[in-house]
Amino acid sequence: MELTVLSLSFALLLVLGVPVAFSIGLASVCTVLFSGMPIAIVFQKMVGGMQVFSFLAIPFFVFAGELMLYGGIADRIVRFANSLVGHVRGGLGMSNVIGCTLFGGVAGSPLADVSAMGSVMIPLMKKEGYDADYAVNVTTHAALVGALMPTSHNLIIFALATTGIASVSVFSLILAGVIPALILTICNLIAAYYVAVKRGYPTRGKFPGWKEVFKAFLGSLPGLLIVVIILAGILSGVFTATESAATAVLWALIVTVLVYRSLSWQHFLKACAKACKTTGVVLLLIGISSAFGYFMALYEVPQKTGALMTSVSATPWVIFLMINVLLFVLGTFLDMAATILICTPIFLPIAAQFGMDPVQFGIVMLINCALGLNTPPVGVTQFVGCAIGEISVGQVMKSILPFYGALTACLMLVTYVPAFSLWLPNLFK
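Here the structure is a predicted model, which is why all the values come from computation and not from measurement.

Focus on the overall build of the protein
Counting its regular elements, the protein contains 22 helices and zero strands. Relative to its length of 429 residues, the protein is compact, with a C-alpha radius of gyration of 21 Å against a globular reference of 22 Å. Principal-axis analysis of the C-alpha atoms places the extent of the protein at approximately 70 × 45 × 45 Å. Buried positions account for 55% of the 429 residues belonging to the protein. In the protein, the share of contacts with a sequence separation of at least 24, taken over all contacts with a separation of at least 6, comes to 80%.

Focus on the pattern of salt bridges
One side chain can pair with another of opposite charge once the charged atoms of both are near each other. The tally for this structure, following the rule as stated, stands at four salt bridges. For lysine 126, the salt bridge goes to glutamate 390, with nearest N and O atoms at 3.9 Å. Of this pair, lysine 126 sits in helix H7 (residues 110-127) while glutamate 390 sits in the loop between helix H19 (380-389) and helix H20 (393-398), and the two are 264 residues apart along the sequence. Assessed through its relative accessible area of 31%, lysine 126 is described here as partly exposed. We note a salt bridge from arginine 199 to aspartate 131, for which the minimum N-O separation is 3.1 Å. One end of the pair, arginine 199, is in helix H11 (residues 178-199); the other, aspartate 131, is in the loop between H7 and helix H8 (132-143), and 68 residues separate them in sequence. By relative accessible area, which is 35% here, aspartate 131 ends up partly exposed. Overlapping salt bridges, with partners in common, bring together Asp131, Asp133 and Arg199 in one network.

A word on the nonpolar core
In a soluble, globular protein the nonpolar side chains are often hidden away together inside. In terms of nonpolar packing, the biggest core is built from 144 residues, with Phe103, Tyr134, Ile323, Ile340, Phe347 and Phe361 touching the most fellow members. Element by element, the count of residues in this core is highest for helix H17 (residues 336-353), at 12 residues.

Remarks on the packing of helix H6 (residues 91-107) against helix H12 (residues 210-236)
Relative orientation of the contacting elements H6 and H12 amounts to 60°, with a least axis distance of 8 Å. It follows that H6 is oblique to H12 by the angle criterion. Taken as a pair, H6 and H12 cross one another with a handedness that is left-handed. Contact with H6, carried on its side by Leu102, Gly105 and Val106, involves Gly223, Leu224, Ile226 and Val227 of H12 and no other residues of that element. Here the residues of the contact of H6 with H12 sort into five nonpolar, two polar and no charged.

Observations regarding H12
Helix length check: H12 (27 residues) gives 33 Å between terminal C-alpha atoms against 39 Å at 1.5 Å per residue, more than 12% under. A maximum bend of about 60° is found in H12 at leucine 221, where proline proline 222 lies one to four positions downstream. Every buried residue of H12 is accounted for by Val213, Ala216, Ser220, Pro222, Gly223, Leu224, Ile226, Val227, Ile230, Leu231, Gly233 and Ile234. Count one or two residues on from H12 and you reach glycine 237, which has phi positive near 85°.

Some details on the UniProt feature "transmembrane region" (unreviewed entry) in the protein
Under the local residue numbering, the UniProt record ascribes the feature "transmembrane region" (unreviewed entry) to residues 51-70, 181-197, 217-239, 245-263, 275-297, 317-348 and 401-424. Between the end C-alpha atoms of residues 401-424 there is a gap of 31 Å, over a span that is 92% helix and 0% strand.

A word on the environment of glycine 17
Along the chain, glycine 17 falls in the loop between helix H1 (2-15) and helix H2 (20-35). For the pair glycine 17 and glutamine 266, spaced 249 residues apart in sequence, the C-alpha to C-alpha distance is 34 Å.

Topic: the packing of H8 against H11
The interhelical angle for the contact between H8 and H11, taken along N-to-C directions, is 175°, at an axis separation of 10 Å. Taken as axis vectors, H8 and H11 run roughly antiparallel relative to one another. Listed contacts from H11 to Asp133, Tyr134, Val138, His141 and Ala142 of H8 are Asn188, Ala192, Val195, Ala196 and Arg199. Residues of the contact of H8 with H11, tallied by class, amount to six nonpolar, two polar and two charged.

Thoughts on the side chain of threonine 185
With respect to the helices and strands, threonine 185 occurs in helix H11. At a separation of 2.8 Å, a polar atom in the side chain of threonine 185 contacts the main-chain carbonyl oxygen of alanine 181. Apart from the residues within four sequence positions on either side, threonine 185 is in contact with Val97, Thr101 and Val145.

A look at helix H5 (residues 73-85)
Spanning 13 residues, H5 covers 19 Å between terminal C-alpha atoms, matching the ideal 18 Å at 1.5 Å per step. Regarding H5, the residues found buried are Ile73, Ala74, Ile77, Val78, Phe80, Ala81, Asn82, Ser83 and Val85.

Some points on the state of the cysteines
Overall, the coordinates contain zero disulfides when judged by the stated rule. Just so you know, cysteine 386 is unpaired, no disulfide at all, and the nearest cysteine sulfur is the one on cysteine 100, 14 Å from it. Relative accessible area serves as the criterion here: at 4%, cysteine 386 is assigned to the buried category. With no disulfide partner, cysteine 410 has as its closest neighbouring cysteine sulfur the one in cysteine 187, 5.6 Å distant. The exposure class assigned to cysteine 410 is buried, which follows from its relative accessible area of 0%.

The rules behind the values
- Every chain's residues receive numbers from 1 upward, in the order its sequence appears when written.
- Local features in this predicted model are restricted to residues of pLDDT 70 or higher, and side-chain atom pairs are both shown and tallied only at a pLDDT of 80 or more, whereas totals for entire chains, interfaces and linings draw on every residue.
- As a convention, hydrogens and water are excluded, and side-chain values are obtained from all of the structure's heavy atoms.
- Secondary structure elements are taken from DSSP: a helix is a run of H or I of four residues or more, a strand is a run of E of two residues or more, and numbering for both begins at the N terminus.
- Our radius of gyration is a C-alpha quantity, and the globule rule it is checked against amounts to 2.2 Å times the number of residues to the power 0.38.
- Any residue under 20% of the maximum accessible area for its type is buried, any over 50% is exposed, and the rest in between are partly exposed; the area is computed with a 1.4 Å probe on protein chains only.
- By the convention used here, residues are in contact when the closest approach between their heavy atoms is within 4.5 Å.
- For this document, the term salt bridge refers to a Lys or Arg side-chain nitrogen within 4 Å of an Asp or Glu carboxyl oxygen.
- We define a nonpolar core as any set of buried Ala, Val, Leu, Ile, Met, Phe, Trp, Tyr and Cys residues linked to one another through side-chain atoms lying within 4.5 Å.
- Angles shown run from 0 to 180 degrees and are taken between the N-to-C directions of axes, each axis being a line fitted to C-alpha atoms and, for helices, limited to the stretch in contact.
- Angles are sorted into four bins: roughly parallel if under 35 degrees, roughly antiparallel if over 145, roughly perpendicular if 65 to 115, and oblique for all others.
- Each crossing gets its handedness from the near helix: less than a right angle anticlockwise from the far helix is left-handed, clockwise is right-handed.
- Only Asp, Glu, Lys and Arg are considered charged in this grouping, and only Ala, Val, Leu, Ile, Met, Phe, Trp, Tyr, Cys and Pro are considered nonpolar; every other residue, Gly among them, is considered polar.
- To estimate the expected span of a helix, subtract one from its residue number and multiply by 1.5 Å.
- Fitting axes to the seven residues that end at a residue and to the seven that start at it, the angle between those axes gives the bend at that residue.
- UniProt positions are given in the numbering used here, feature names are shortened, and annotations may be inferred rather than shown by experiment.
- Pairs of N or O atoms are called polar contacts if they sit within 3.5 Å, as long as, within protein, a hydrogen donor faces a hydrogen acceptor (for residues adjacent in sequence, only side-chain-to-side-chain pairs).
- The definition used for a disulfide is geometric: two cysteine sulfur atoms within 2.5 Å.

Okay, here's the thing in structure tokens:
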């Protein structure tokens, strides 16, 4: 009965439109009151869930991304991407994909990526004759690569969600996301090119020459170096994965203030305020989800879910497919951090039971959550892209299938070919 109260109260609150964090917390409180346990348990688990040293990386990575967003790095990355593929048919769309990927590696946030690159590329693509739905779909799907990049705070959230279940290091996850991010970028480029050819979009001038490409690359290099610094620093042992986040903030300040000189005091204050707000929301979700996870473990939700799934099939590939479908469905209703924190304790033990490495599962989880970010009713990146493109979500959804196909192809490759996510972590073990 306690589990029924937990599940039904959580589902009912979501249906009523209560924010996810409050839905999780109130469901936990309802369960405590029904079971007769002390209500202090909820607050103890919340505080204990947030008192982890590794959480320091989250505000630092978020702050670094905001500094990059307000510091003018996006314009230089767009210029570099245009010089590379702007001359190909639908080249502006392909430039958008490359630009979003590069900025996603710098910011580590799909939402920041859409906000920064979308505000530059979507109006430009519309001006050049591209349809608004194409411009929005290209931008929002390319921005999802940011969830897999070394600067992504979602990697850290997943690592912390595995505490007590499996031993997953943040560094292993950072390495594991590199190749899937490249695969996702290639899939997005193919989708962008396919739709551009099908619709007969124009080319954009001639190839400017390698000299111009090199000049544009040098202009964007200081911002792009953050990914290299993080990976090199951790590999060489100069700093830990947590310390790399503080290094990212320092480098972001150096680049935007001293190199580009594009970060004004007003923009710095905006970056601080946005980072504080995002960090507060994430930490609140983490704390409340710790209490929620305690009750899920207490009432054996992972074991019961696993038993239900194995009653359907005992074949690993079928189990993995069911996990992907369930994660996708849940990701359309929940925020990315909430999905990771709630679903990891449930599905990770099941995936591990059937032979999936916890690090590989982490990347599968992040790709599913990224897909949810671009799917109504809680597709925040899609909402931002549609607002910039001045187009309805319904119009965008009508032409989304090629881009969904690209993301799904990447998800299937990572799910069923472990080497794509595990080769780099195993190489540097």
